[in-house]
Protein chains: 2
Amino acid sequence: MKPYFLEDFGNPSSLHEPGDVASRALEKARRDVARFINAGEAKEIIFTSGATESNNLALIGYAMRNRKKGRHVIISEIEHISIHNIAKYLQKQGFEISKVPVDYTGKVRLEKLQERLREDTILISIQHANNEIGTIQPIREISNMAQEHGIAFHVDAVAAEGLVPIDVQAGGIDLLTLSSNDIYGPRGAGALYIKQGVRVNPIIIGGGQERGLRSGTEDIASIVGFGKAARVIMERMPEEPSRLEKLRDYLIDNILSHIPKAYLNGHPTDRLPNNAHFRFDWIEGESILVNLKTLGVAVSTGSACSSKTLQASHTLISLGLLHEEAHGSLEVTLGRWTTREEIDAFLEILPGVISRLRSLSPLTKMEELKE
Amino acid sequence: MKPYFLEDFGNPSSLHEPGDVASRALEKARRDVARFINAGEAKEIIFTSGATESNNLALIGYAMRNRKKGRHVIISEIEHISIHNIAKYLQKQGFEISKVPVDYTGKVRLEKLQERLREDTILISIQHANNEIGTIQPIREISNMAQEHGIAFHVDAVAAEGLVPIDVQAGGIDLLTLSSNDIYGPRGAGALYIKQGVRVNPIIIGGGQERGLRSGTEDIASIVGFGKAARVIMERMPEEPSRLEKLRDYLIDNILSHIPKAYLNGHPTDRLPNNAHFRFDWIEGESILVNLKTLGVAVSTGSACSSKTLQASHTLISLGLLHEEAHGSLEVTLGRWTTREEIDAFLEILPGVISRLRSLSPLTKMEELKE
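The rules behind these values
- Residues numbered from 1 in each chain as written.
- Chains lettered and ligands numbered in written order.
- Predicted model: local features only at pLDDT ≥ 70, side-chain atom pairs only at ≥ 80, totals over all residues.
- Heavy atoms only, no water.
- Helix = DSSP H or I, 4+ residues; strand = E, 2+ residues; numbered from the N terminus.
- Rg over C-alpha atoms; globule rule 2.2 N^0.38 Å.
- Buried < 20%, exposed > 50% of the residue type's maximum accessible area, 1.4 Å probe, protein only.
- Phe/Tyr/Trp six-rings, centres within 6.5 Å; stacked < 30°, edge-to-face > 60°.
- Pairing = 2+ DSSP bridges.
- Axes fitted to C-alpha atoms, helices over the stretch in contact; angles between N-to-C directions.
- Salt bridge = Lys/Arg side-chain N within 4 Å of Asp/Glu carboxyl O.
- Domains from an automatic or database assignment.
- Contact = heavy atoms within 4.5 Å.
- Buried area = accessible area lost by both parts, 1.4 Å probe.
- Polar contact = N/O pair within 3.5 Å; in protein donor to acceptor, adjacent residues only side chain to side chain.
- pLDDT = per-residue confidence, 0-100.
- Parallel < 35°, antiparallel > 145°, perpendicular 65-115°, else oblique.
- Left-handed = near helix turned anticlockwise from the far one by under 90°.
- Nonpolar A, V, L, I, M, F, W, Y, C, P; charged D, E, K, R; others polar.
- Patch = residues over 30% accessible without salt bridge, like charges linked within 9 Å, V, L, I, M, F, W, Y side chains within 5 Å.
- Areas by Shrake-Rupley, 256 points an atom, 1.4 Å probe, with all protein chains shown as cover.
- Lys, Arg positive; Asp, Glu negative; His and termini not counted.
- Charge placed at Lys NZ, Arg CZ, Asp CG, Glu CD.
- Expected span 1.5 Å × (residues − 1).
- Arc of directions from axis to C-beta.

Asks: Give a description of the overall build of chain A that names residues and reports values.
Replies: Across its full length, chain A holds 13 helices and 10 strands. A compact globule built from 371 residues should have a C-alpha radius of gyration of about 21 Å, and chain A, at 22 Å, falls within 12% of that. Across its three principal directions, the C-alpha atoms of chain A cover 75 × 50 × 35 Å. In chain A, which comprises 371 residues, the share counted as buried stands at 60%.

Asks: I'd like a rundown of the packing of aromatic side chains, residues and numbers included.
Replies: Considering all chains together, one arrives at six aromatic pairs over all chains under this definition. Ring centres of F47 of chain A and F226 of chain A lie 6.0 Å apart, and the angle between their planes is 70°; this geometry places the pair in the edge-to-face category. Separated by 179 residues along the polypeptide, F47 of chain A in strand β1 (residues 45–48) and F226 of chain A in helix α7 (residues 220–236) bring together distant segments of the chain. Among the residues examined, F47 of chain A registers a relative accessible area of 3% and is labelled buried. Their ring planes at 35° and their centres at 6.2 Å tell us that F278 of chain B and F280 of chain B sit as a pair that is tilted. Residue classification places F280 of chain B among the buried positions, given a relative accessible area of 2%.

Asks: Before we move on, can you summarise the sheet that holds strand β8 (residues 262–264) of chain A with the specific residues and values?
Replies: All names here are of chain A. If you walk across this open sheet you meet the three strands as β8-β9-β10, and the pairing is antiparallel. Bordering the open sheet on either side are β8 and β10 (329–333), each of which pairs with just one other strand. Strand-to-strand twist in this sheet, taken as the mean axis angle between neighbours without regard to direction, amounts to 30°. One ladder, built from three bridges, connects β8 with strand β9 (residues 275–280); its direction is antiparallel. Its bridge partner being in β9, Y263 is matched across the sheet by R279.

Asks: Outline the pattern of salt bridges, listing residues and values.
Replies: Residue and element names in this part refer to chain A. This structure, assessed with the given rule, holds 29 salt bridges over all chains. A salt bridge links D32 to K28; the shortest N-O distance between them is 3.4 Å. Here K28 and D32 lie together in helix α2 (residues 17–36), a separation of four residues that amounts to about one turn. Residue D32 is classed as buried on the basis of its relative accessible area of 5%. Take K28: its relative accessible area is 38%, and that puts it in the partly exposed class.

Asks: So what's going on with the domain arrangement of chain A? Residues and values would help.
Replies: All names here are of chain A. You can read the domains of chain A as domain 1 (3–236) and domain 2 (240–369). Every contact between the two is made by 30 residues of domain 1 and, on the other side, 30 residues of domain 2. Taking both partners together, domain 1 and domain 2 bury about 2,400 Å²; carbon and sulfur atoms supply 56% of that area. For the domain 1 face of the interface with domain 2, the top three residues by lost area are E132, I133 and L163, together amounting to 31%. At the boundary of domain 1 with domain 2, the tally comes to one salt bridge. Note that K107 and D270 form a salt bridge whose closest N and O atoms lie 2.7 Å from each other. Remark: the boundary between domain 1 and domain 2 carries 14 residue pairs in polar contact (both at pLDDT 80 or more).

Asks: How would you sum up the side chain of T121 of chain A? Please name residues and give values.
Replies: All names here are of chain A. Residue placement: T121 occurs in strand β4 (residues 121–127). For T121, the side chain forms a polar contact with the main-chain nitrogen of R118, separated by 2.8 Å. Apart from the residues within four sequence positions on either side, T121 is in contact with H72, I74, R116 and I151.

Asks: Would you mind going over unusual backbone geometry in detail, with residue names and values included?
Replies: Its identity is not glycine, yet E210 of chain A carries a phi of approximately 55°, on the positive side. In this structure, E210 of chain A sits in the loop between β7 (190–194) and α7. A relative accessible area of 6% places E210 of chain A in the buried class. In this structure, R211 of chain B takes a positive phi of about 55° despite not being glycine.

Asks: Quick one: what's the story with the environment of V353 of chain B, residue by residue and with numbers?
Replies: Residue and element names in this part refer to chain B. Its location among the elements puts V353 in helix α12 (residues 340–360). By relative accessible area, V353 is classed as buried at 1%. Residues V353 and S287, spaced 66 residues apart in sequence, show a C-alpha to C-alpha distance of 9.2 Å. Not counting the four nearest positions on each side in its chain, V353 is found in contact with I288, N291, L292 and L295.

Asks: Explain the pairing of strand β6 (residues 175–179) of chain A residue by residue, including any values.
Replies: Residue and element names in this part refer to chain A. Burial of β6 is extensive: five of the five residues sit out of reach of the surface. Pairing of β6 with β7 involves five bridges; the strand directions are antiparallel. Bridged to L176 within β7 is Y193.

Asks: Run through the confidence of the model for chain A, naming residues and quoting values.
Replies: Residues and elements named next belong to chain A. The pLDDT averaged across chain A works out to 91; a share of 92% of its residues lies at or above 70. Taken together, the stretch residues 303–308 has pLDDT below 50 and engages in 18 contacts with residues farther than four places along the chain or on a different chain. The complex model carries a pTM of 0.91, and its ipTM stands at 0.88.

Asks: Please give an account of the packing of helix α3 (residues 51–65) of chain A against helix α4 (residues 81–92) of chain A that cites residues and values.
Replies: Helix packing geometry: the angle between the two helix axes and the distance between the axes. All names here are of chain A. Their axes nearest at 10 Å, the elements α3 and α4 cross at an angle of 30°. As far as their axial angle goes, α4 and α3 are roughly parallel. Our pair here, α3 against α4, has a crossing hand that is right-handed. Only S82, I83, I86, Y89 and L90 of α4 make contact with α3, whose side of the interface consists of T52, N55, N56, L59, I60 and A63. Tallied by class, the residues present in the contact of α3 with α4 amount to seven nonpolar, four polar and no charged.

Asks: If you had to explain the sheet that holds β6 of chain A to someone new, which residues and values would you point to?
Replies: Residues and elements named next belong to chain A. The sheet built from seven strands is open, its strands ordered β1-β7-β6-β5-β4-β2-β3 with mixed pairing. Looking at which strands have only one partner, the edges of the open sheet turn out to be β1 and β3 (96–100). Sheet twist, expressed as the average angle between the axes of neighbouring strands with direction ignored, equals 20°. Each of β4 and β5 (152–156) touches helix α6 (residues 139–148); the most contacted strand, β5, lies at about 155° to it.

Asks: Describe a positive patch on the surface, with residues and values.
Replies: A cluster of basic residues, R65 and R199 of chain A together with K88, K92 and K99 of chain B, forms a positive patch at the surface. The residue K92 of chain B is located in helix α4 (residues 81–92) in this model. Relative accessible area serves as the criterion here: at 74%, K92 of chain B is assigned to the exposed category.

Asks: Account for helix α7 (residues 220–236) of chain B, naming residues and giving values.
Replies: The end-to-end C-alpha distance of α7 of chain B, which contains 17 residues, comes to 24 Å, matching closely the 24 Å that a straight helix rising 1.5 Å per residue would cover. Among all positions of α7 of chain B, only I220, A221, S222, I223, V224, G225, F226, G227, A229, A230 and I233 of chain B are buried.

Asks: Give a detailed account of helix α6 (residues 139–148) of chain B, specifying residues and quantitative values.
Replies: Within an α-helix, residues lying three or four positions from one another point in the same direction, as the helix has 3.6 residues per turn. Residue and element names in this part refer to chain B. The complete set of buried residues in α6 reads I139, I142, S143, M145 and A146. Looking straight down α6, one finds its buried side chains confined to an arc of 155°; they lie on one side. Of the residues flanking the end of α6, it is G150, one or two places downstream, whose phi is positive at about 65°.

Asks: Go over the packing of helix α8 (residues 240–258) of chain A against helix α12 (residues 340–360) of chain A, please, and point to the residues and values.
Replies: All names here are of chain A. In the contact formed by α8 and α12, the axes pass within 11 Å of each other and the chain directions differ by 15°. Accordingly, the angle class assigned to the pair α8 and α12 is roughly parallel. The handedness of the crossing between α8 and α12 comes out as right-handed. Contact residues: α8 offers L247, Y250, L251, N254 and I255, while α12 offers R340, I343, D344, F346, L347 and L350. Considering only residue class, the contact of α8 with α12 consists of eight nonpolar, one polar and two charged.

Below, the structure is given as structure tokens:
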């Protein structure tokens, strides 16, 4: 990225020399990102400022462009907060939104999806994998349903990218959201895959960059970083997910066997290799988090991507968890630099934190009285 | 910016430790940008991905939020292409757009603006200075008119920022667009100043970042770079514009006195200190550009911010220039690193390029036959 900050800061849309350098870098990144998801053509990739914008372009852009075909859109109950809020916006614009429930493991219930299909359904938006509990969705089964009824299919692949193989052609996907920072690239870059022939309206209007679908001078440095991150992750795909999976299973097995009243949220096997999501009876996730923070460990509870609220995660509630169960949950994600030693250190600390918190919890006392 | 790429990549909306560091950096940048334009409060600054997005948020966001008050919006004929295209979009949404003409120097004709004010006018959008010809607009006179009629006033300050003092309070400005890269900051960051009490709808919907007005995980590195660029430019404001102005006048005087049939486009005095914009009879700006490019000089013709078209600039046509005059125009902008020596080198090269091109031009021959 560095040269694009320091030297080659041309505008890819202008005629003069630095512009040509920027333009070539932009198109190289586009090819890399296309290859990462096996897009048929590089021009099917539209660069945006990030995943949230891509989701807006996909849902609002597609719905507004195709509203004459119908005004019904289907999402799942456990989509990312941005999809839920975009759906609310579409409702205000006269669209009807149906939400498909998930089962206790977080899998979209296909028979419920089937029931919600209507004559005027124009779009289904389902995430590739869940950003909180890591459950992976049956993308091909959903796209078969969509294709059978001539409905466009959008996939938010932000949580899944780099962790499970993504193939827009084999997956039968029409629109797919990617972010750069979720594959260790810089922030400030994302992409929307738009299958050739699928039409969307732009949501940011201006000088006509990105085939008129996303105006604004391109943030070349971030896009170059995104392309590079895609190349690096492709090289690592043969080994990294299975390395993470082993560590994850080691972590899960240890926690479930050494901490009483600890449970795994999400799917036991169809889950992201970097995701472990627990709940512990009688305590608050926030207290665990604050305690771990003083010990130097960063984990999540609630939903990291929305603003600083202490509301129970809509995803966990959709699984059928009680509010207190959702609040007692803890998400642990592993990364490229996570080692077995770090997991061992975490496993040293966690049981003590849990049992100390339980000894202070009024819920524990109530349970003890019951027993 | 570097630490925010390499270390502190927390999410400002999440509860864990790196998030706090990111959050502090974000708010520091917000204060710096607020100070740069003398905003009353830091929270009046909303960070976006860049100027085009800020213009979208200002015009679409304000118009959609306030459409019950009226559906008439006024812009000038020489606004940036993004404003023109956003205006077209608003027309499709049922708004009426009036365009105020400019005089031969590029100044908005205030009496024409007055004539266009209506009962249902809700918004006036005029740039602080023009991005092509550098003409500076009478911002305070326009805001007086707007305030008298209870109309919101948006200013696209992208071309002016860092070159003329910007004061949203003294200027009576309700909404103001800034970009980072136009003050030597990184791309991928921009801001919209939204005066307290002014209401806009978001155009990117999601997790509720930026007070719900711009969702998406913040691009901390770029925003930190933007804040730093604002601080640096504030330090330089006492000297840099007058340094540029001297160089610009030296360049203009030399070209007008040494090249026959050369003219200055734009205003003779109320122009950006870094902007010189010429036209040369009988030749194409593109040919000058291509010739200069082979000699290592980057200049602009047409409009650098829109896509690679060879259409005549709408700004130059609005001044009253003929198409061939617009095509014979050349924009020279000076920057922080432009030296007197470079201008001398340019002045060495340019007359030769112009006279060589003229000797090849069919227009020259036609003119010679006339004489």
